[in-house]
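This is what each chain is made of:
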Amino acid sequence: MSSSDIFIGETIGTAVLILLGGGVVAGVVLKRSKAFGAGWLAITFGWGFAVLTGAYISAPLSGAHLNPAVTLGLAIEGGTEWSDVPIYVLGQMTGAIIGATLVWVAYMGHFQAHLTDREIVGGPGAQDTAKAAAPAKSDAGPVLGVFSTGPEIRNTVQNLATEIIATTVLVLAILTQGLNGDGHGLGVIGVLITSLVVVGIGLSLGGPTGYAINPARDLGPRIAHALLPLPNKGGSDWGYAWIPVVGPLIGGAIAGGIYEIAFA
């Protein structure tokens with residue numbers, strides 16, 4: 001795989017991942033959406049299908065990592081050259097920002113209606129109202145969840161541990177499937193299995209933090225949230241932002257280490 005193949009594949013695949021994943025969250029939480037109130041099952045399966053679609057599209061070009069934690073685990077395992085890691089991560093971050101922006105475009109009118117609805121943001125002084133309704137020490141605006149994750153209970157140790165554990169499961173599941181003999185990443189069945197693993201993680205371990213399990217998936221859209229012209233959008237919760245970056249990277253490294261010890 002050339003550097004350009006890796007960058008293009010990861011950019012396109014991650015953009016599709018975030019477009020469909022963020023899109024299902026937008027559909028569930030934005031009041032004027034036809035999918036409003038569909039619930040956690042819709043979100044978890046939507047993210048699983050998002051992984052499936054993004055991975056199928058990008059696999060022929062880049063091997064469909066779509067996640068810096070996966071790239072790190074594969075580098076430790078030996079399936080990815082360390083010199084290619086920055087290219088993978090750059091493509092993933094670029095794609096994540098593009099995908100989040102496309103969610104905004106697709107739901108532009110719904111964001112506008114939702115964020116000007118007095119039941120959502122209150123009347124005069126809407127930002128103060130939104131912050132007062134949020135958990136203590138949170139700077140999360142009322143639609144940040146469409147873009148990035150956030151904990152239900154803010155406990156740094158627990159939140160970090162949850163992301164580490166969940167990402168370890170994800171990356172270890174990917175590593176134990178192995179790469180195709182031709183070096184082009186997960187095969188057709190592997191992509192499907194990985195997507196189902198993501199659904200399982202969401203159902204079992206997603207409740208505490210929203211299961212980022214992917215630094216690019218969280219950080220890229222959080223940057224988009226900070227930059228996009230959303231009315232009454234509130235803060236991007238930068239005080240929490242390091243957890244869904246550091247936790248998954250630690251989890252990916254642990255998974256790579258487990259693979260080397262137990263399976264290599």
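Residue positions within a chain follow its written sequence, with the count starting from 1. Local features in a predicted model are, by the rule used here, given only for residues with pLDDT of at least 70; side-chain atom pairs are given and counted only at 80 or more, and totals for whole chains, interfaces and linings are based on all residues. Heavy atoms throughout the structure, all of them, feed into the side-chain values; hydrogens and water do not.

Undergrad: Explain the side chain of threonine 11 to me, using residue names and the numbers behind them.
TA: Secondary structure counts use DSSP, requiring at least four H or I residues in a row for a helix and at least two E residues in a row for a strand, with both numbered from the N terminus. Along the chain, the position of threonine 11 falls in helix H1 (residues 3-29). Judged by its relative accessible area of 11%, threonine 11 is buried. Pairs of N or O atoms within 3.5 Å make up the polar contacts considered here, provided that, within protein, one atom can donate a hydrogen while the other can accept it, and that residues adjacent in sequence are counted only when both atoms are side-chain atoms. A distance of 3.4 Å separates a polar side-chain atom of threonine 11 from the backbone oxygen of glycine 91. Once you skip the residues sitting within four places of it in the chain, threonine 11 turns out to touch Gly91, Thr94, Gly95 and Ile98. Type-normalised accessible area, obtained with a 1.4 Å probe on protein chains alone, sets the label of each residue: buried when under 20%, exposed when over 50%, and partly exposed for intermediate values. Contacts were defined at the residue level, with two residues in contact if any of their heavy atoms lie within 4.5 Å.

Undergrad: Can you explain a nonpolar patch on the surface? Please cite residues and give values.
TA: Side chains of Trp242, Val246, Ile250, Ile254, Ile258 and Phe263 sit close together on the surface and give an oily, nonpolar patch of about 480 Å² of accessible area. Here tryptophan 242 lies in the loop between helix H11 (215-227) and helix H12 (243-262). The class of tryptophan 242 is partly exposed, set by a relative accessible area of 38%. Residues enter a patch when their relative accessible area is above 30% and they make no salt bridge; the linking distance is 9 Å between like charges and 5 Å between nonpolar side chains (Val, Leu, Ile, Met, Phe, Trp, Tyr). Here the accessible surface of atoms and residues is derived via Shrake-Rupley with a 1.4 Å probe, and residues count as covered only by protein chains that are part of the display. We count a salt bridge whenever a side-chain nitrogen from Lys or Arg sits within 4 Å of a carboxyl oxygen from Asp or Glu.

Undergrad: Provide a residue-level description of H12, including the pertinent values.
TA: Compared with the 28 Å implied by 1.5 Å per residue over 20 residues, the 28 Å span of H12 between its first and last C-alpha is a close match. Within H12 the residues assigned to the buried category are Ile243, Pro244, Val245, Gly247, Pro248, Gly251, Gly252, Ala255, Gly256 and Tyr259. Each residue after the first adds 1.5 Å to the expected span of a helix.

Undergrad: Go over the packing of aromatic side chains, please, and point to the residues and values.
TA: In this scheme Phe, Tyr and Trp rings, the latter by its six-membered ring, pair at centre separations within 6.5 Å, and the angle between planes marks the pair as stacked below 30 degrees, edge-to-face above 60, and tilted otherwise. Evaluation of the coordinates by the stated rule reveals four aromatic pairs. Summarising the aromatic geometry, the rings of phenylalanine 45 and phenylalanine 49 are spaced 6.4 Å apart at their centres and angled 45° between planes, so their arrangement reads as tilted. Of this pair, phenylalanine 45 and phenylalanine 49 both sit in helix H2 (residues 40-62), four residues apart, which is roughly one turn of the helix. Its relative accessible area of 51% is what places phenylalanine 49 among the exposed residues. Note on tyrosine 259 and phenylalanine 263: the rings are 5.8 Å apart at their centroids and 20° apart in plane angle, and the pair reads as stacked. In this structure tyrosine 259 comes out as buried when scored by relative accessible area, which is 15%.

Undergrad: Hey, could you go over the environment of leucine 61 for me, with residue numbers and the actual values?
TA: As for its placement among the helices and strands, leucine 61 is situated in helix H2. A relative accessible area of 29% places leucine 61 in the partly exposed class. Residues leucine 61 and threonine 176, 115 residues apart in the sequence, show an inter-C-alpha distance of 21 Å. What leucine 61 contacts, discounting residues up to four positions off in sequence, is Met1, Asp5, Ile6, Ile8 and Gly9.

Undergrad: Describe the confidence of the model for the chain, naming the residues involved and giving the relevant values.
TA: Averaged over all residues, the pLDDT of the chain is 91; the fraction at 70 or higher stands at 90%. Contacts from residues 128-136, a stretch scored under 50 in pLDDT, to residues over four places away or in other chains number six contacts. pLDDT: the predictor's confidence for each residue, scored from 0 to 100.

Undergrad: Tell me what's going on with unusual backbone geometry, and back it up with residues and numbers.
TA: Although it is not a glycine, alanine 64 adopts a positive phi angle of roughly 60°. Turning to its location among the elements, alanine 64 is positioned in the loop between H2 and helix H3 (68-77). For alanine 64, a relative accessible area of 12% corresponds to the buried category. Phi angles above zero are rare outside glycine, and aspartate 237 is one such case at about 55°.

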